[in-house]
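Listed below are the residues making up each chain.
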Amino acid sequence: MGNIKFYKEPKEAEIRRKTTLLRLAHEADAGVKAPCAGRGVCGKCLIKVKSGDLPEPSEQEIKVLGEEKIKEGYRMSCLVEVDEDCEVEVYV
Ligand code: FES
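Below is a short write-up of the structure. (Residues numbered from 1 in each chain as written. Predicted model: local features only at pLDDT ≥ 70, side-chain atom pairs only at ≥ 80, totals over all residues.)

**Quick look at the environment of Val-32**
In step 1: Take Val-32: it is sitting in the loop between helix H1 (21–27) and strand E4 (46–51).
In step 2: What makes Val-32 buried here is the crowd of 25 C-beta atoms within 10 Å.
In step 3: Between the C-alpha atom of Val-32 and that of Gly-73, which follows or precedes it by 41 residues, the distance is 16 Å.
In step 4: Setting aside anything within four residues of it in sequence, one finds Val-32 in contact with Leu-22, Ala-25, Cys-45, Ile-47, Ser-77 and Val-90. (Helix = DSSP H or I, 4+ residues; strand = E, 2+ residues; numbered from the N terminus. Buried ≥ 20, exposed ≤ 12 C-beta atoms within 10 Å, placed from the backbone. Contact = placed C-beta atoms within 7 Å.)

Here is the structure:
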């Protein structure tokens, strides 16, 4: 497993098993908001990928964010599971 770095205020969390970016952000107290409690409907848990191989976006993620935002590197942290090193920016 790997580590994840959150940028805004630098925060880190250890990835011990495949889990969502949102859960890791909460573990790191990285300030990611989740008004819909991670149900994938509000689109407020945005992060921007700086490095790392993340899984392809789900249909739900594309529906809420739109393909343009995803091409720009934005992802919904509640819908993305990671298990390897990555770095993301947090938008609050
Ligand atoms: S927390 Fe609402 S879409 Fe992720």
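Now that the structure has been shown, the text picks up again.
**Let's talk about the sheet that holds strand E7 (residues 86–90)**
In step 1: Spatial strand order, E2-E1-E7-E4-E5: five strands in an open sheet with mixed pairing. Strands at the two margins of the open sheet, each flanked by one partner only, are strand E2 (11–14) and strand E5 (74–76). Averaged over all adjacent pairs, the angle separating strand axes in this sheet is 35°, with direction ignored.
In step 2: Pairing of strand E1 (residues 3–7) with E7, which is carried by four bridges, proceeds in the parallel orientation. In the sheet register, Tyr-7 faces E7, and the bridge partner there is Glu-89. (Pairing = 2+ DSSP bridges. Axes fitted to C-alpha atoms, helices over the stretch in contact; angles between N-to-C directions.)

**Let's talk about the pairing of E2**
Successive side chains on a regular strand alternate, one facing one side of the sheet and the next facing the other.
In step 1: Here E1 runs beside E2; their pairing, made up of four bridges, is antiparallel. Along E2, the bridge assignment pairs Asn-3 with Glu-14.
In step 2: Hairpin connection from E1 to E2: three residues lie between these consecutive antiparallel strands, with Lys-8 at a positive phi of about 160°.

Worth remembering: the numbers are spatial, not functional.
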